[in-house]
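Now for the letters of each chain:
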Amino acid sequence: MVTIYGIKNCDTVRKTLKWFVAKGIENKLHDFRADGIDANTIEGWLDEVGGKVLINKRGPSYRNLSDDDKEILEQGGAAAAAVLAANPTVIKRPVVEFGSARTVAYDEERWSELAGL
C-alpha cells in the first residue's frame, strides 16, 4: 500500500492519485489538513530528504510564515519539524511513501521504478 501525503484539493496531489489508480497501485491519501501530521514523521522526512527538497518556499504558506519560523526551517531538526507540523501546507506535495522509500513532488519515473513497472 502506497501512502500519498498532501492536501486533497491540491492539483498535483489529485494528479498523483489518478496516476496510481491508472497503474492499479493500491494507495491511500493522508490529508495534512484533515488527518494532521506529527512532527516525528516530518523530522524523519527532513533527515531523509532534507529541507531543500521537503520545504516549498515558492508558495503563499511559506511567504506567510514569520521570519522567526523561516529561520527555524533553515536550521532543520526537531524545531523545523514542529514548524512544519503546525504549517503542513509548507511541505512540498505530494510526499509518496513506498514502505521505507519516499519521494517528494510529482515523479512518475521514480514511482514506476519503486513499483516495479
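So, here is what we can say about the structure in this document. Counting of residues starts from 1 at the beginning of each chain's written sequence and follows it residue by residue. Whole-chain, interface and lining totals are the exception, using all residues; otherwise, since this is a predicted model, local features are given only for residues with pLDDT of at least 70 and side-chain atom pairs are given and counted only at 80 or more. Each side-chain value is derived from all of the structure's non-hydrogen atoms; neither hydrogens nor water enter the calculation.

Let us now look at the nonpolar core. Think of a nonpolar core as a cluster: buried Ala, Val, Leu, Ile, Met, Phe, Trp, Tyr and Cys residues, connected wherever their side-chain atoms sit within 4.5 Å. Each residue gets one of three labels from its accessible area relative to the maximum for its type: buried under 20%, exposed over 50%, partly exposed in between, using a 1.4 Å probe on protein chains only. Core analysis: the biggest nonpolar cluster contains 32 residues, and Phe-20, Ile-42, Trp-45, Leu-54, Leu-73, Leu-84 and Ile-91 have the highest contact counts within it. Residue assignment for this core shows that the elements contributing at least two residues are strand 1 (2-6), helix 1 (11-22), helix 3 (39-49), helix 7 (77-86), strand 3 (95-98) and strand 4 (101-104). Two residues qualify as a contact provided that any one of their heavy atoms is within 4.5 Å of a heavy atom in the partner residue. Among residues more than four places away in sequence, those in contact with Ile-91 are Phe-32, Ile-42, Trp-45, Leu-54, Asn-56 and Leu-84. By definition, any uninterrupted DSSP run of H or I lasting at least four residues is a helix, any uninterrupted run of E lasting at least two residues is a strand, and each is numbered from the N terminus.

Close contact between helix 3 and helix 7 brings their axes to 8 Å; oriented N to C, the two are set at 120°. Here helix 7 runs oblique to helix 3, going by the angle between their axes. You can see that helix 3 and helix 7 cross each other, and the crossing is right-handed. Note on element contacts: helix 7 touches helix 3 through Gly-77, Ala-78, Ala-80, Ala-81, Ala-82, Leu-84 and Ala-85, opposite Ala-39, Ile-42, Glu-43 and Leu-46. Classifying every residue of the contact of helix 3 with helix 7 gives 9 nonpolar, 1 polar and 1 charged. Axes here mean lines fitted to C-alpha atoms, for a helix over just the part in contact, with angles spanning 0 to 180 degrees between N-to-C directions. Every angle not falling under 35 degrees, over 145, or within 65 to 115 is termed oblique; those three ranges are roughly parallel, roughly antiparallel and roughly perpendicular. Note on convention: near helix rotated counterclockwise from far helix by under a right angle means a left-handed crossing. Clockwise means right-handed. Following the grouping adopted for this structure description, the nonpolar residues are Ala, Val, Leu, Ile, Met, Phe, Trp, Tyr, Cys and Pro, the charged ones are Asp, Glu, Lys and Arg, and the polar ones are all others, Gly among them.

A few words on the packing of helix 6 (residues 67-75) against helix 7. Where helix 6 meets helix 7, the closest approach of the two axes is 7 Å, and the angle between their N-to-C directions is 130°. In terms of their interaxial angle, helix 6 and helix 7 are classed as oblique. Every pair of crossing elements has a handedness; the one defined by helix 6 and helix 7 is left-handed. Note on element contacts: helix 7 touches helix 6 through Gly-77, Ala-79, Ala-80, Val-83 and Leu-84, opposite Asp-69, Ile-72, Leu-73 and Gln-75. Here the contact of helix 6 with helix 7 is built from residues that sort into 6 nonpolar, 2 polar and 1 charged.

In this structure, Glu-48 sits in helix 3. When the C-alpha atoms of Glu-48 and Ile-4 are compared, they prove to be 17 Å apart, with 44 residues separating the residues in sequence. Setting aside residues no more than four positions away along its own chain, Glu-48 makes contact with Ser-100, Ala-101 and Arg-102.

Any Phe, Tyr or Trp ring, taking Trp's six-membered ring, that has another such ring centre within 6.5 Å forms a pair; planes under 30 degrees apart are called stacked, those over 60 apart edge-to-face, and the others tilted. Counted according to the given criterion, the structure contains 7 aromatic pairs. A ring pair is formed by Tyr-5 and Phe-32, whose centres lie 6.5 Å apart and whose planes are at 25°; its orientation type is stacked. One end of the pair, Tyr-5, is in strand 1; the other, Phe-32, is in helix 2 (residues 32-35), and 27 residues separate them in sequence. For the residue pair Tyr-5 and Phe-32, the accessibility class agrees, reading buried in each case.

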